[in-house]
Amino acid sequence: LFANLSEAEPDAAFALIEAYKADNFPFKVDLSPGFYRDEDARPWILPSVEKAKQQLWSDSTTDHEHLPILGHTALLDRAQSLIFGATCKDAATIASIQTIAGTGANHLGALFLAKARRPRSVWISDPTWINHHEIWQWVDSRIERQTYPYFNKQSFTINFEDTISTLKLKAKEGDIVIFHGCAHNPTGIDFTKDQWKAVAAVCEEKNLVPFFDVAYQGFATGDLAEDAWSVRHFFYNTSLEMLVAQSFSKNFGLYGERVGVLHVVCRTEIAKSKTLNMLSRLSRAEITTAPINGARIVAKVLGDADLKQQWQKDLLHMSHRMKSMRKRLLDALLKYQTPGSWDHILTDIGMFSMTGLQPDQIRQLKGIYHIYLLPSGRISITGLTEHNVEYVAMSINKVVTT
Ligand code: PMP
């Protein structure tokens, strides 16, 4: 029955993680996955999360019951304030549901749109997080996946004019447009505020449906409000219905706990009530209820002034470390006079940068130097440490110059 199934390539990112684990070279470097790593390239448990866990687990009333179908109520409220702002004036019309992390929020949002609106097309940035295409393809292959030309690979800048004209000329009313709220994956480059304003105006003029994917709030710049600026601009300054997929994987370091929320901004209370009804049914049919453990941790940190203050320090710690590694890598590449354009490494935001390295050079980095990065040439800055950054720059220089 299943022998004729078509086989796809294994997921590139997860295949590299396995290959890295199996590599015994003592100086191997992992620049592929989007997971924060500490000064010794190890996973980091945020001190705010550690404290919240201790408080939760020392309370003997903490049980293992199901959450409600919509999820952890305090998490939903606090997640809303976090992304839309504490004085969220239209909160009464936002339908929010807990999801299996950011991936689940993207998936449930796509499923909801496919069932509720049956859009003709979804517009996805080129390039993007690989899963956007996967998700939309599996949810409904009849919805045409189209791309807008976000990134100029030669100059490492945003193709702003082309993006605008693509949306203006080719997108049709009711089409979905996926935006990365901040710290665009994989390019590390975001629209400026003026550019966001222009993009919002086009969405409004054409009546498109913005779908924000926010996987890096606070983690990108260390400033929660700054990283939510794009979403808040659309929310407060347009009357568009829109979706937000919110992940707590990176900004809380809760990768395996799978904490996320999907928000659908409905603009009227009747639309909100119908949306919640449909989201509940779709989620019930898929997961019944979302996981409780990570939701409790995030809700606790966001709801406790001391823990929240600690969390903001943790975010700054992570973003400062990434910024300093960006500088160290750029300095070392310049010291070796490595051919290519590298300045953007310093100005890119968040975890990722594109290197412009070619497939053969990427293969050599892995084969000869045991340095792992995605086939697209994207590096994850968090894999860099004081111990390996020089080795990485030297190896990049070698593969570029030989
Ligand atoms: N969106 C983007 C742009 C991402 O980079 C990621 C994580 N790599 C996610 C969503 C989903 O993350 P998660 O499911 O782990 O919360």
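Residues numbered from 1 in each chain as written. Predicted model: local features only at pLDDT ≥ 70, side-chain atom pairs only at ≥ 80, totals over all residues.

1. Things to note about the overall build of the protein
What the protein contains, in helices and strands, is 15 helices and 13 strands. A compact globule built from 402 residues should have a C-alpha radius of gyration of about 21 Å, and the protein, at 21 Å, falls within 12% of that. Based on the C-alpha atoms only, the size of the protein along its principal axes is roughly 65 × 60 × 55 Å. Burial analysis of the protein (402 residues in total) assigns 45% to the buried set. (Helix = DSSP H or I, 4+ residues; strand = E, 2+ residues; numbered from the N terminus. Rg over C-alpha atoms; globule rule 2.2 N^0.38 Å. Buried ≥ 20, exposed ≤ 12 C-beta atoms within 10 Å, placed from the backbone.)

2. As for the pairing of strand S10 (residues 259–265)
Burial within S10 is extensive, with seven of its seven residues counted as buried. Burial along S10 is two-sided: the face carrying Val259, Val261, His263 and Val265 and the face carrying Gly260, Leu262 and Val264 are both buried. Across seven bridges, the pairing between strand S2 (residues 94–100) and S10 is antiparallel. Across the sheet, Gln98 pairs through a bridge with Val261, a residue of S10. (Pairing = 2+ DSSP bridges.)

3. Things to note about the site of the ligand
The ligand sits among 13 residues. The nearest are Ala101, Gly102, Thr103, Ser247 and Ser249. Residue contributions to the shell around the ligand peak at three residues, all from helix H4 (residues 101–116). Per-class residue counts for the shell around the ligand are four nonpolar, eight polar and one charged. (Near = placed C-beta within 6 Å. Nonpolar A, V, L, I, M, F, W, Y, C, P; charged D, E, K, R; others polar.)

4. As for the environment of Ile349
Its place among the elements puts Ile349 in the loop between helix H13 (344–347) and strand S11 (352–354). You can call Ile349 buried: it has 22 C-beta atoms within 10 Å. For the pair Ile349 and Lys398, spaced 49 residues apart in sequence, the C-alpha to C-alpha distance is 26 Å. Beyond its immediate stretch of four places on either side in the chain, Ile349 contacts Cys182, Ala183, Gly188, Asp190, Ala220 and Thr221. (Contact = placed C-beta atoms within 7 Å.)

5. Considering the domain arrangement of the protein
Segmentation of the protein into domains returns domain 1 (12–44 + 319–401) and domain 2 (66–303). Computed from C-alpha atoms alone, the centre-to-centre distance between domain 1 and domain 2 is 29 Å. The interface is formed by 17 residues belonging to domain 1 together with 19 residues belonging to domain 2. Among the elements that take part in the side of domain 1 that touches domain 2, S11 stands out by supplying three residues, more than any other. (Domains from an automatic or database assignment.)

6. Digging into the sheet that holds S10
With respect to topology, seven strands assemble into an open sheet ordered S2-S10-S9-S8-S7-S3-S4, the strand pairing being mixed. One side of each edge strand has no neighbouring strand; the edge strands of this open sheet are S2 and strand S4 (144–148). Neighbour-to-neighbour, the strand axes of this sheet turn through a mean angle of 20°, independent of strand direction. Packed on one face of the sheet, helix H3 (residues 73–84) meets S2, strand S8 (209–214), strand S9 (242–247) and S10 and runs near 110° to S2. Its contacts with the sheet put helix H10 (residues 269–286) on S2 and S10, and the angle it makes with S2 is roughly 15°. (Axes fitted to C-alpha atoms, helices over the stretch in contact; angles between N-to-C directions.)

7. Points about the confidence of the model for the protein
The share of residues in the protein with pLDDT of 70 or more is 99%, and the mean pLDDT across the chain is 95. Model confidence for the complex: the whole-complex pTM is 0.96, and ipTM, which rates the interface, is 0.99. (pLDDT = per-residue confidence, 0-100.)

8. Focus on H3
Over its twelve residues, H3 extends 17 Å from the first C-alpha to the last, a length consistent with the 16 Å expected when each residue adds 1.5 Å. When we look at burial in H3, the residues that qualify are Leu75, Leu76, Arg78, Ala79, Leu82, Ile83 and Phe84. Where H3 ends, the next residue or the one after it, Gly85, has phi of about 105°, a positive value. (Expected span 1.5 Å × (residues − 1).)

9. Here's the deal with the packing of H3 against helix H11 (residues 293–303)
A pair of packed helices is characterised by two quantities: the angle between their axes and the separation of those axes. At a closest axis distance of 9 Å, the pairing of H3 and H11 adopts a crossing angle of 55°. By the angle between their axes, H3 is oblique relative to H11. The element H3 and its partner H11 pack so that their crossing is left-handed. Between H3 and H11, the residues in contact are Ala74, Leu75, Arg78 and Leu82 and Ala295, Val298, Ala299, Leu302 and Gly303, respectively. Along the lines of polarity and charge, the residues of the contact of H3 with H11 split into seven nonpolar, one polar and one charged. (Parallel < 35°, antiparallel > 145°, perpendicular 65-115°, else oblique. Left-handed = near helix turned anticlockwise from the far one by under 90°.)

10. Some thoughts on the nonpolar core
In a soluble, globular protein the nonpolar side chains are often hidden away together inside. Within the largest apolar cluster, 110 residues are counted, with the highest numbers of intra-cluster contacts made by Val177, Phe212, Val298 and Leu329. Element by element, the count of residues in this core is highest for helix H12 (residues 305–335), at eight residues. When residues of this core are assigned to domains, at least three fall in each of domain 1 (12–44 + 319–401) and domain 2 (66–303). (Core = buried A, V, L, I, M, F, W, Y, C linked by C-beta atoms within 7 Å.)

11. Looking at the packing of helix H6 (residues 160–170) against helix H7 (residues 193–206)
Running from N to C, H6 and H7 point in directions that differ by 10°, and their axes come no closer than 10 Å. Taken together, the axes of H6 and H7 lie roughly parallel to each other. Contacts between H6 and H7 involve Phe160, Ile164, Leu167 and Lys168 from the former and Gln195, Ala198, Val199, Val202 and Lys206 from the latter.

12. Notes on unusual backbone geometry
Cis geometry marks the peptide bond from Asp126 to Pro127, where omega comes out at 0°. Here Pro127 shows up in the loop between strand S3 (121–125) and helix H5 (130–139). With an omega dihedral of 20°, the bond running from Asn185 to Pro186 counts as a cis peptide bond. Relative to the helices and strands, Pro186 is located in the loop between strand S7 (176–180) and H7. Despite not being glycine, Phe156 has its phi angle at roughly 55°, a positive value. Inspection of the secondary structure assignment puts Phe156 in the loop between strand S5 (151–152) and strand S6 (157–158). When the 22 C-beta atoms within 10 Å are taken as the criterion, Phe156 is described as buried. The phi dihedral of Asn207 is positive, around 55°, even though this residue is not glycine. One can find Asn207 in the loop between H7 and S8.

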